[in-house]
Amino acid sequence: LSDRDAEIEIPIEPLRRRDPAAFARLVERNQPIVLGLCQSMGMRGADLDDAAAEVFANVFRALPSFQARSALGTWVYRIACRTIAKVRARNRRGAGAELPADQLDPNQPSPLENSENAETFRRLWDAVARLDDREATVIELYYRRDWSVERIAQMLECPKGTVKTLLFRAREKLRAKLAPQEIARP
Amino acid sequence: MTQDADDIAFETLLRGAMHARPQPAAATNLAHRAIERARAQAAAEAKQRLLMLTRLRRRNRFVGLAASLLIAGVFLIGGQRVYKSGFFTDSSTTSSISSDSTSSTTSSIAVPLGVAVTAEALVVALILLSAGPPDPRPAFV
């Protein structure tokens with residue numbers, strides 16, 4: 001199912017009434033992107049779990065006021081972006097401890113195993129985690145989730161030009177982290 | 001390599017890197033944890049609001065008491081001044097006082113009376129401002 005198909009299947013009224021079963025379905029459908037956003041912003045382990053729980057707690061509290069002016073998924077991701085940015089800022093203030101190792105999905109084989117670009121990829125992921133909130137968000141949604149610029153603009157509530165600028169700036173920052181021969185490698 | 005080709009190569013590399021990134025493990029019981037957290041947050045906020053209301057109510061009570069004391073004091077002083085000025089005495093008695101002394105007495109009374117009235121007005125305004133609209137909720141114990 002695509003993100004948009006997933007939205008259609010969840011009825012709005014039970015969600016507005018905060019029905020736990022409907023909410024569980026909403027979480028199940030949207031948690032990959034929320035977890036991905038947390039991961040792209042450099043969160044790992046318990047921090048990542050905590051941030052995701054806080055995102056969905058905020059979604060749960062806001063459900064009765066959902067006006068359906070935008071798609072449900074867009075609305076959830078909007079809350080996610082705001083919440084993750086806050087959690088990230090809070091974590092940065094209390095930073096100092098070494099980051100725990102990534103807890104990855106054991107059912108999903110890592111494509112890195114046989115990749116010659118493994119080291120370059122890891123450096124790119126680290127560089128994405130060091131981008132600012134909006135830049136990391138657009139990189140995650142555009143390059144990993146294959147969202148269109150238009151959909152990202154709708155989610156971030158900004159013009160398409162702003163998304164393009166964010167993408168350009170983020171790309172330049174990421175490119176600066178790599179040597180020219182790493183980029184040229186087929 | 002031209003700039004365009006370089007851009008395309010980097011774009012491809014970046015897309016490949018992002019697609020190759022393993023998805024984080026799904027958190028167990030995330031919906032349940034989120035609901036618990038939301039309820040805890042709501043309860044904490046409600047408690048905070050109640051504490052704030054209690055503080056506000058206590059402050060209003062204190063301001064009301066202070067204002068009542070001030071009103072009483074101002075009435076007492078004002079009343080004494082007015083009584084001393086002979087405002088309540090007969091007009092025949094007043095007329096017997098020479099014009100010079102009358103004018104000097106009037107001017108010496110005018111200032112304290114004005115001060116008293118202004119102070120009273122201020123106190124009433126203070127009470128009205130601090131009391132605010134009536135609270136429709138039952139008293140919080």
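Residues numbered from 1 in each chain as written. Chains lettered and ligands numbered in written order. Predicted model: local features only at pLDDT ≥ 70, side-chain atom pairs only at ≥ 80, totals over all residues. Heavy atoms only, no water.

Counting its regular elements, chain A contains 10 helices and zero strands. Along the chain direction, N to C, the helices and strands of chain A fall in the order α-α-α-α-α-α-α-α-α-α. In chain A, which comprises 186 residues, the proportion classed as buried is 48%. The contacts of chain A with a sequence gap of at least 6 include a subset with a gap of at least 24, amounting to 70%. For chain A, the accessible surface area stands at approximately 9,500 Å², while carbon and sulfur atoms represent 48% of it. (Helix = DSSP H or I, 4+ residues; strand = E, 2+ residues; numbered from the N terminus. Buried < 20%, exposed > 50% of the residue type's maximum accessible area, 1.4 Å probe, protein only. Contact = heavy atoms within 4.5 Å. Areas by Shrake-Rupley, 256 points an atom, 1.4 Å probe, with all protein chains shown as cover.)

A separate point is the confidence of the model for chain A. In the predicted model, chain A carries a mean pLDDT of 84, and the fraction of residues at 70 or more is 81%. Within the model, pLDDT remains below 50 along residues 96–100 of chain A, and this stretch shows four contacts once partners closer than five positions in the same chain are excluded. (pLDDT = per-residue confidence, 0-100.)

So, on to the interface of chain B and chain A. Contacts between chain B and chain A engage 33 residues on the former and 48 residues on the latter. The junction of chain B with chain A conceals about 3,900 Å² of combined surface from both sides, 62% of it contributed by carbon and sulfur atoms. There are six salt bridges connecting chain B and chain A. Residues Arg175(A) and Asp7(B) are paired through a salt bridge, measuring 2.4 Å at the closest nitrogen-oxygen approach. Our count for the contact surface shared by chain B and chain A stands at 17 residue pairs in polar contact (both at pLDDT 80 or more). (Buried area = accessible area lost by both parts, 1.4 Å probe. Salt bridge = Lys/Arg side-chain N within 4 Å of Asp/Glu carboxyl O. Polar contact = N/O pair within 3.5 Å; in protein donor to acceptor, adjacent residues only side chain to side chain.)

All names here are of chain A. In this model, Arg 18 sits at a positive phi of 60 degrees, which is unusual for a non-glycine residue. You can see Arg 18 is positioned in the loop between helix H2 (12–16) and helix H3 (20–40). Classification of Arg 18 by relative accessible area gives partly exposed; the value is 32%. Non-glycine residue Glu 157 carries a positive phi angle of around 55 degrees. By secondary structure assignment, the location of Glu 157 is in the loop between helix H8 (149–156) and helix H9 (160–175). Judged by relative accessible area, Glu 157 falls into the exposed class, the value being 56%.

The next thing to look at is the packing of helix H7 (residues 133–144) of chain A against H8(A). A pair of packed helices can be characterised by two numbers: the angle between their axes and the separation between those axes. All names here are of chain A. In the contact formed by H7 and H8, the axes pass within 10 Å of each other and the chain directions differ by 140 degrees. Here H8 runs oblique to H7, going by the angle between their axes. Along this stretch, H7 crosses H8, giving a crossing that reads as right-handed. In contact with Arg 134, Thr 137, Val 138, Leu 141 and Tyr 142 of H7, H8 contributes Val 149, Ile 152, Met 155 and Leu 156. (Axes fitted to C-alpha atoms, helices over the stretch in contact; angles between N-to-C directions. Parallel < 35°, antiparallel > 145°, perpendicular 65-115°, else oblique. Left-handed = near helix turned anticlockwise from the far one by under 90°.)

Residues Phe23(A), Val59(A), Trp75(A), Ile139(A) and Leu174(A) are the most contacted members of the largest nonpolar core, which totals 73 residues. At 10 residues, helix H4 (residues 45–62) of chain A tops the list of elements feeding residues into this core. Apart from residues no more than four positions distant in its own chain, Leu174(A) is found in contact with Leu124(A), Ala127(A), Val128(A), Leu131(A), Ile139(A), Phe10(B) and Leu14(B). (Core = buried A, V, L, I, M, F, W, Y, C linked by side-chain atoms within 4.5 Å.)

Before going further, it helps to examine the pattern of salt bridges. Residues and elements named next belong to chain A. What the rule picks out here adds up to 16 salt bridges over all chains. Two residues, Glu 13 and Arg 16, come together in a salt bridge whose shortest N-O distance is 2.6 Å. Here Arg 16 and Glu 13 lie together in helix H2, a separation of three residues that amounts to about one turn. A relative accessible area of 26% places Arg 16 in the partly exposed class. Its salt-bridge partner being Glu 54, residue Arg 90 comes within 3.1 Å of it at the nearest N-O pair. Taken as a pair, Arg 90 in helix H5 (residues 72–93) and Glu 54 in helix H4 lie far apart in primary sequence, 36 residues in all. With relative accessibility at 41%, the residue Arg 90 sits in the partly exposed group.

Below, the discussion takes up the environment of Pro32(A). Examined against the element boundaries, Pro32(A) turns out to sit in helix H3. The spacing of Pro32(A) and Ala52(A) is 20 residues in sequence and 10.0 Å in space, taken between C-alpha atoms. If near-sequence neighbours (up to four positions away) are discounted, Pro32(A) is found in contact with Arg145(A) and Gln23(B).

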